[in-house]
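One letter stands for each residue in the lines below.
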Amino acid sequence: MAHEEWLERAEIFGLGALDGDERSQFEAHLAGCRVCEGHLRETRETLAVFARSLAPVVPPQQVKARLLHQINPEVAPSIREGTRSRWFPWGISAGAFAAAGLLMTMTWSLYTTRQQLQRLQKEVASIQTGSILHETSIQFLSDPHARSAHLKGLAPSPDAMGHLLWNPETGKGVLITMGLPKNTPDKVYELWAIAGDEPVPAGTFSVEDKPHTLLKIPSLPQGKSFDKFAVTLEPAGGVPKPTGPMHLLGSL
Amino acid sequence: MSAQTINPATYLIQQVAQQDREAFSQLYDRFSNLVFTLAMRMLRVRSDAEDLLQEVFVQVWRQAENYSAERGSPEAWIINIARSRAIDKIRSIRRMEKSFVLTDDPARAESGENVESSAAESEARLAMNSALANLPEAQRKVLELAYFDGLTQSEIAERLAEPLGTVKTRMRSGIQRLREIVSSRAA
């Protein structure tokens, strides 16, 4: 091959568009060719014009705070993370204590009005859900075989997120979601466990008014190497194969 | 002894290689807008762009000692890290979405919060846009599909229903033309 052709491949490689055998052949050639290395460098400098042509967008301050914390854990993040703050079980623990407090309050509230009682009952129900979530999550967090995945919100629900704990040996797990929009009665969210490109149904759930939703994952088929999980919005009752928009996606 | 001129950003990277956190903070301030802007354009989801920005600078922190000015400008080095990571994410999502209903690109796109930049930055950006505007539309199209959308030459050929050879020619011609424009402006 004439060297001119390697230089042409260097340009497409610099663009990130070289594929197939051409890419592997060029990478092998590049390892020992200073001329192509220089041409690749010059190509990348030229192509930077695309990045520099964009109207600038300023990142939020908390990214820098998170970053500085990551490279130097002794420095606490100076700015609290907002909607993207990580779920942490200690918060749930506090909720459990609050539940106990509320139950005591209810004991002393026998003589209060019916309206007050109903309001407190609602609060207790909410906190009891938190306690269940706590117990279930602790069970998986303390399981040495359990693995976790952070599910990110995609285009239909960019601010949503999910945390999944799953034991590959038992095939059981739990999914906690936050920020998913409330589904209509004719729809349901469906979790998918994915092995390679094959999605397997892993349970359905609805999102109501609560900020968190908990799904206990039933036993998934043995022998499959699930490494990704996704949540889609499907017709009520669920479907055997995904048909609706994907709201959450993450890898183990 | 002769005075040695050194690019300020190169100096910062050298300091970062010595685990200098203050230099790292300055380097972030210098390039974070560029990386985040590029990430928003490529990934189109703000949370993904924020994650990418963080990942890029963690890599910069860990690999600063591997940087050499002979291998390119700091800007091109950081952009290359950002693009490589963004393309990996795009291709991963694309592989996943083949099993699902494809998300329409316009719906996926999130609008970024553009900011007023300095007069010098605005002028530089206008010059870059002017350079791109001088490219024939067909050449600019294939370059943008590769640069921003992470498509390979074969994928672009398939999407545009054009022969692979035509796509390659347009890419190479576009890069050559862009190189000439950029060089003439720098001269």
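The notes below deal with the structure included here. All values reported here derive from a predicted model rather than from experimental measurement.

### As for the overall build of chain A
On a plain count of helices and strands, chain A comes out with six helices and eight strands. The helix and strand sequence of chain A, counted from the amino end, reads α-α-α-α-α-α-β-β-β-β-β-β-β-β. Put simply, chain A has 252 residues, and 46% of those count as buried. Across chain A, the fraction of contacts at a sequence separation of at least 24, relative to all contacts at a separation of at least 6, is 59%.

### Side note on unusual backbone geometry
Residues and elements named next belong to chain B. Look at Arg 44: it is not a glycine, yet its phi comes out positive at around 70 degrees. Considering the arrangement of structural elements, one finds Arg 44 in the loop between helix H2 (21-43) and helix H3 (46-63). One non-glycine residue with positive phi stands out, namely Ala 161, at about 55 degrees. When you line up the elements, Ala 161 lands in the loop between helix H8 (153-160) and helix H9 (164-186).

### Let's talk about the packing of aromatic side chains
In the structure shown here, the tally under the stated rule is 12 aromatic pairs over all chains. Consider the rings of A:Trp166 and A:Phe226, whose centres lie 5.8 Å apart with planes at 75 degrees: the pair is edge-to-face. Taken together, the residues A:Trp166 in strand S2 (residues 161-167) and A:Phe226 in the loop between strand S6 (212-217) and strand S7 (228-235) connect sequence positions 60 residues apart. Residue A:Trp166 shares its accessibility class with A:Phe226, and that shared class is buried. Centroid distance A:Trp166 to A:Phe229: 5.6 Å. Interplanar angle 65 degrees. Geometry classified as edge-to-face. Placement of A:Trp166 in strand S2 and of A:Phe229 in strand S7 is noted, with a sequence separation of 63 residues between them. Here A:Trp166 and A:Phe229 have matching classes, each one buried. Joined through ring pairs, the aromatic side chains of B:Phe24, B:Tyr28, B:Phe57 and B:Trp61 make up one cluster. Taking the ring centre of B:Tyr147 as reference, the NZ or CZ of B:Arg83 above it sits at 4.0 Å.

### Quick word on the sheet that holds S2(A)
Residue and element names in this part refer to chain A. Here eight strands make up an open sheet; going across it, the order is S5-S4-S7-S8-S1-S2-S3-S6 and the pairing antiparallel. The open sheet has two edge strands, strand S5 (198-205) and S6, and neither has a second partner. Going across the sheet, the axis of each strand differs from the next one's by a mean of 25 degrees, ignoring polarity. Across six bridges, strand S1 (residues 147-153) lies against S2 in antiparallel orientation.

### A word on the packing of H2(B) against H3(B)
Angle between the axes and distance between the axes are the two parameters that describe a pair of packed helices. Residues and elements named next belong to chain B. Where H2 contacts H3, the axes come no closer than 9 Å and their chain directions differ by 140 degrees. With respect to H3, the axis of H2 lies oblique. You can see that H2 and H3 cross each other, and the crossing is right-handed. Here H2 contributes Arg 21, Phe 24, Leu 27, Tyr 28, Phe 31, Ser 32, Val 35, Phe 36, Ala 39, Met 40 and Leu 43 to the contact with H3, which in turn contributes Arg 46, Asp 48, Ala 49, Glu 50, Leu 52, Leu 53, Val 56, Phe 57, Val 60 and Trp 61. Grouping the constituent residues of the contact of H2 with H3 by class yields 16 nonpolar, one polar and four charged.

### Observations concerning helix H2 (residues 20-30) of chain A
Note: α-helices contain 3.6 residues per turn, so residues at a spacing of three or four share the same orientation. Residues and elements named next belong to chain A. For H2, the set of buried residues is Glu 22, Phe 26, His 29 and Leu 30. With its buried residues spanning 95 degrees around the axis, H2 presents them on a single face. Within H2, the exposed residues directed more than 90 degrees away from the buried face are Gly 20, Asp 21 and Ala 28.

### With respect to the interface of chain B and chain A
Contacts between the two partners involve 70 residues from chain B, matched on the other side by 57 residues from chain A. Across the interface of chain B and chain A, roughly 6200 Å² is buried in total on both sides, 63% from carbon and sulfur atoms. At the junction of chain B with chain A, the criterion picks out eight salt bridges. Across the salt bridge formed by A:Arg66 and B:Glu50, the nearest N and O atoms sit 3.8 Å from each other. Counting every contact that joins chain B to chain A gives 21 residue pairs in polar contact (both at pLDDT 80 or more). Of all the elements in the fold, those that place two or more residues in the side of chain B that touches chain A are H2, H3, helix H4 (74-97), helix H5 (105-108), helix H6 (119-133), helix H7 (137-147), H8 and H9 of chain B. Here the element with the most residues in the side of chain B that touches chain A is H2(B); it accounts for 12 residues. When the residues that make up the side of chain B that touches chain A are grouped by side-chain class, the tally is 28 nonpolar, 19 polar and 23 charged.

### Some details on the pattern of salt bridges
This structure, assessed with the given rule, holds 19 salt bridges over all chains. Here the residues in one salt-bridge network are A:Glu11, A:Glu42 and B:Arg179, joined through shared partners.

### Some words on the environment of A:Leu233
All names here are of chain A. Turning to its location among the elements, Leu 233 is positioned in strand S7. As a C-alpha pair, Leu 233 and Thr 243 span 10 residues in sequence and 8.1 Å in three-dimensional space. Non-local contacts of Leu 233, meaning those with residues more than four positions away in its chain, are made with Asn 183, Lys 187, Val 188, Tyr 189, Gly 244, Pro 245 and His 247.

Parameters at a glance
- Residues numbered from 1 in each chain as written.
- Chains lettered and ligands numbered in written order.
- Predicted model: local features only at pLDDT ≥ 70, side-chain atom pairs only at ≥ 80, totals over all residues.
- Heavy atoms only, no water.
- Helix = DSSP H or I, 4+ residues; strand = E, 2+ residues; numbered from the N terminus.
- Buried < 20%, exposed > 50% of the residue type's maximum accessible area, 1.4 Å probe, protein only.
- Contact = heavy atoms within 4.5 Å.
- Phe/Tyr/Trp six-rings, centres within 6.5 Å; stacked < 30°, edge-to-face > 60°.
- Lys NZ or Arg CZ within 6 Å of the ring centre and 35° of its normal.
- Pairing = 2+ DSSP bridges.
- Axes fitted to C-alpha atoms, helices over the stretch in contact; angles between N-to-C directions.
- Parallel < 35°, antiparallel > 145°, perpendicular 65-115°, else oblique.
- Left-handed = near helix turned anticlockwise from the far one by under 90°.
- Nonpolar A, V, L, I, M, F, W, Y, C, P; charged D, E, K, R; others polar.
- Arc of directions from axis to C-beta.
- Buried area = accessible area lost by both parts, 1.4 Å probe.
- Salt bridge = Lys/Arg side-chain N within 4 Å of Asp/Glu carboxyl O.
- Polar contact = N/O pair within 3.5 Å; in protein donor to acceptor, adjacent residues only side chain to side chain.

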